[in-house]
Amino acid sequence: MLLRISILLVFLRCGGPDDLMPQEVLELNATYMKYVPGAGGGKGIMFKVHSLDSVANLSIQKFVVNNIEVPSHIFYDKGTTLIEATMFYEDPEITVGNENPDPVDPVLYNMEEFTGIIYYTIGTVSDSLFIEGFSEVESPMYK
């Protein structure tokens, strides 16, 4: 189940330098989902941060979870903003001369608690957003 969390932060929404908004409380859903895709091997973990506010001109510079940078994307839908970041750990390929490759250490996949920092730019203003309290959601593949 998605856990609603409120985080007090300086989140500057702007269309330009004159449109800066002061400190406010945003209601966010911060979740993660672990998955194993099946054929092909590997393991993955997906982080989602969903805000009920639409943030124009938002650009993500970095999404860091437990001190590991995770590739991220922004999605907008009906006045909301979703930031999604996924880390996939591919199983090493067996090849001739390397029949027993060293396994990949799925660092984030093996962790149980997560905190994140989103480094972002809105227009010409850069800042960061600290996120804690990620709740786990079940993968739809296992239902």
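Preceding this section is the structure that the text describes.
Draft legend 1. Structural detail: the packing of aromatic side chains. Taken as a whole, this structure holds 5 aromatic pairs when the rule is applied. On the numbers, 6.4 Å between centres and 15 degrees between planes, the contact of Y35 with F88 is stacked. On the criterion of sequence distance, the pair formed by Y35 in strand β2 (residues 24-35) and F88 in strand β7 (residues 80-89) is long-range, its members being 53 residues apart. By relative accessible area, which is 14% here, Y35 ends up buried. Among the aromatic residues, ring-to-ring pairing joins Y32, F47, F114 and F134 into one connected group. It is K34 that lies over the ring of Y109; its NZ or CZ is 5.4 Å from the centre. Residue placement shows K62 over the ring face of Y119; its charged tip is 5.0 Å from the ring centre.

Draft legend 2. Structural context of the environment of Q61. Note on placement: Q61 falls in strand β4 (residues 58-65). Owing to a relative accessible area of 46%, Q61 belongs among the partly exposed residues under this scheme. Taking C-alpha positions, Q61 is 9.7 Å from D127, a pair spaced 66 residues apart along the chain. Residues in contact with Q61, not counting those within four places in the same chain, are E69, Y119, Y120 and T121. Looking at Q61, its side chain comes within polar contact range of the side chain of S59, at 3.2 Å. Reaching out from Q61, the side chain makes a polar contact with the side chain of T121 at a distance of 3.1 Å.

Draft legend 3. Quick peek at the sheet that holds strand β9 (residues 125-132). The 4 strands lie next to each other as β5-β4-β8-β9, forming an open sheet whose pairing is antiparallel. Unpaired on one side and paired on the other, β5 (68-69) and β9 mark the two borders of the sheet.

Draft legend 4. Up close: the pairing of β7. Most of β7 sits out of view: 8 of its 10 residues are buried. Inspection of the sheet shows strand β6 (residues 72-77) paired to β7 by 6 bridges, in the antiparallel sense. Its bridge partner being in β7, S72 is matched across the sheet by A85.

Draft legend 5. Quick look at the environment of E69. As for its position among the elements, E69 is in strand β5. In the structure, E69 is positioned 47 residues away from G116 in sequence and 9.5 Å away in space, judged by C-alpha atoms. Contact partners of E69, with chain neighbours within four places excluded, come to Q61, K62, F63, V64 and M87.

What counts and what doesn't
Residues numbered from 1 in each chain as written. Predicted model: local features only at pLDDT ≥ 70, side-chain atom pairs only at ≥ 80, totals over all residues. Heavy atoms only, no water. Phe/Tyr/Trp six-rings, centres within 6.5 Å; stacked < 30°, edge-to-face > 60°. Helix = DSSP H or I, 4+ residues; strand = E, 2+ residues; numbered from the N terminus. Buried < 20%, exposed > 50% of the residue type's maximum accessible area, 1.4 Å probe, protein only. Lys NZ or Arg CZ within 6 Å of the ring centre and 35° of its normal. Contact = heavy atoms within 4.5 Å. Polar contact = N/O pair within 3.5 Å; in protein donor to acceptor, adjacent residues only side chain to side chain. Pairing = 2+ DSSP bridges.

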